[in-house]
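Structural description and commentary
Each chain, written out:
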Amino acid sequence: MTATKPFTIPKRLVYEAFKAVKANAGSAGVDKETIEDFEADLKGNLYRIWNRMSSGSYFPPPVKAVAIPKKNGGERILGVPTVADRVAQMVVKTVLEPVLEPIFLPDSYGYRPGKSALDALEVTRKRCWQYDWVLEFDIKGLFDNISHELLLRALEKHTACEWVRLYIRRWLTAPLQLADGTLVDRTKGTPQGGVVSPALANLFLHYTFDVWMTRRYPGVPWCRYADDGLIHCETEMQAYAIKVALADRLAACGFEMHPDKTHVVYCKDGSRKGHYPNTKFDFLGYTFRPRIVKNRRRNSLFVSFTPAVSASALKTMRQTTRRLNYRNRTELNLKDIARLHNPLLRGWVAYYGRFYPSALYPVFKHFDKTLVAWAMRKFKRLKGHKIRASLFLESIAKRQPALFVHWRKGMVGQLA
């Protein structure tokens, strides 16, 4: 006679969770087991997860601490769970997410199905045209400082599923394993890198900011993507008053406004005549600032407060191209380079080309100059002849405009 499990978890749910984890890829955790290693005994591994979760005996292993550099210097600690633990977390996320989604507010965009960073940028662009002022804020160390007590209280309010709550409690307190093997106990926070962590962070900020902001300042539009947020204000005084109130609110919930990433910004354009020191801000890889744009209906130019790819994003894209070292990979032909680089170009165009796409030109120019350098090393007749190599590639671009993504879109960088 088979013993009854205390928790009913369909085996199919565990299998679907694995497929989602595999699609997301990711590196090995503390056990050094890769997705390929896990898949070698897929049936046995998935059964083990299901059996332990169903019986209440699943305990997560330590989370591997990986230091990753921040764009503005310093490091961020990413917590990498094992493959098996990512599958277990995906099981919980699959059950929890449909419960939480209906309670979240429309202007929360980060880590949510059916919402994207581009959606947040679109609504922000429109509101910057409607409101003169923006309070740009960032929550310092969001994932590291979430109160377990407050989070579990919010969780209990929205799900009665006992095993979901049980395993989330265990994940919150699973230790962090440093590179030297040292285990660090955790009394707050949820690992950035955990499968279920984004949903938990959104739940916490739903009450910390979203609901609070809506109740305290009804009619004041806001937009939040994870720990980055914007509040649109009618006056400078209103923006600074909300900044003070928000700092107090975040402190009461265990958070701190990032001092270097929180600003009050004037959305200056052609019709706004005031002069203020801050007239630009960065949000989700874009810089919002006054720009000259064309009115297509009137065929005239005017100044609009609008987004375009940020300088830091441009730098990161150029560094990516440089790191791939095409200029020295003479074993490749142009089709090989196109196969390797077009997925990157396609992604950059799709995201950073949505608004003010001409601002991407420096990335394409840099890549095309990389191709010129490659051609000079690849072909003896072009060695030392930059102009000749440039003309050679320009002729290819004319004959085969579909070879590279930006060539197809008529965004060929300066080759000569």
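This text follows the structure it describes.
Rules behind the numbers
Residues numbered from 1 in each chain as written. Predicted model: local features only at pLDDT ≥ 70, side-chain atom pairs only at ≥ 80, totals over all residues. Heavy atoms only, no water. Helix = DSSP H or I, 4+ residues; strand = E, 2+ residues; numbered from the N terminus. Buried < 20%, exposed > 50% of the residue type's maximum accessible area, 1.4 Å probe, protein only. Areas by Shrake-Rupley, 256 points an atom, 1.4 Å probe, with all protein chains shown as cover. Lys, Arg positive; Asp, Glu negative; His and termini not counted. Charge placed at Lys NZ, Arg CZ, Asp CG, Glu CD. Core = buried A, V, L, I, M, F, W, Y, C linked by side-chain atoms within 4.5 Å. Contact = heavy atoms within 4.5 Å. Pairing = 2+ DSSP bridges. Expected span 1.5 Å × (residues − 1). Bend = angle between axes of the 7 residues up to and from the residue. Phe/Tyr/Trp six-rings, centres within 6.5 Å; stacked < 30°, edge-to-face > 60°. Lys NZ or Arg CZ within 6 Å of the ring centre and 35° of its normal.

Let us look at the overall build of the protein. When helices and strands are tallied, the protein shows 14 helices and 11 strands. For the protein, the spread of C-alpha atoms along the principal axes amounts to about 80 × 60 × 40 Å. In the protein, buried positions account for 47% of the 416 residues. Carbon and sulfur atoms form 53% of the exposed surface of the protein, whose accessible area is close to 21200 Å². Positive and negative charge centroids in the protein, built from 67 and 37 side chains respectively, lie 10 Å apart.

The next point concerns the nonpolar core. One finds Met-53, Ile-168 and Ile-231 to be the most contacted residues of the largest nonpolar core, which totals 68 residues. Top contributing element to this core by residue count: helix α4 (residues 83-100), with 9 residues. Ignoring sequence-local partners within four residues, the contact set of Met-53 consists of Phe-7, Ile-9, Tyr-58, Ala-88, Val-91, Val-92, Trp-163 and Tyr-167. The next biggest cluster of nonpolar side chains, apart from the first, holds 54 residues, and it includes Tyr-326, Leu-345, Ala-359 and Leu-371.

Take the pairing of strand β10 (residues 286-295) next. Where strand β9 (residues 281-283) lies against β10, 3 bridges are found, and the strand directions are antiparallel. Directly across from Phe-281, in β10, lies its bridge partner Phe-288. The turn linking β9 back onto β10 is made up of 2 residues, and Leu-284 within it adopts a positive phi angle of 55°. Relative to strand β11 (residues 300-309), β10 runs antiparallel, the two being bridged by 10 bridges. Considered in β11, the bridge of Val-293 is made with Phe-302. Here β10 hands over to β11 after 4 residues, with Asn-299 in that stretch at a positive phi of 55°.

The next point concerns the sheet that holds strand β1 (residues 63-69). Read across the sheet, 4 strands follow the order β2-β1-β4-β5 without closing on themselves; strand pairing throughout is mixed. The two strands at the open ends of the sheet, each matched to only one other strand, are β2 (75-80) and β5 (183-184).

Time to look at helix α8 (residues 197-216). With 20 residues, α8 extends 27 Å from end C-alpha to end C-alpha; this agrees with the ideal 28 Å at 1.5 Å per step. In α8, a bend of some 50° at His-206 exceeds every other bend along the element. Most of α8 is tucked away, with 16 of its 20 residues classed as buried.

Moving on to the packing of aromatic side chains. Under the defined criterion, the tally for this structure stands at 24 aromatic pairs. When the ring of Phe-281 is compared with that of Phe-305, the centres are 6.1 Å apart and the planes differ by 35°; the resulting orientation is tilted. In this pair, Phe-281 is assigned in strand β9 and Phe-305 in strand β11, connecting sequence segments 24 residues apart. Here Phe-281 falls in the buried class, since its relative accessible area comes to 2%. Residue classification places Phe-305 among the buried positions, given a relative accessible area of 0%. Three or more aromatic residues link up through ring pairs in this structure, and these residues are Tyr-286, Tyr-351, Tyr-352 and Phe-355. Here Lys-115 stacks its cationic end above the ring of Tyr-109, 4.5 Å away from the centre of that ring. Directly above the aromatic system of Tyr-356 lies the positively charged group of Arg-291, at a separation of 5.4 Å from the ring centroid.

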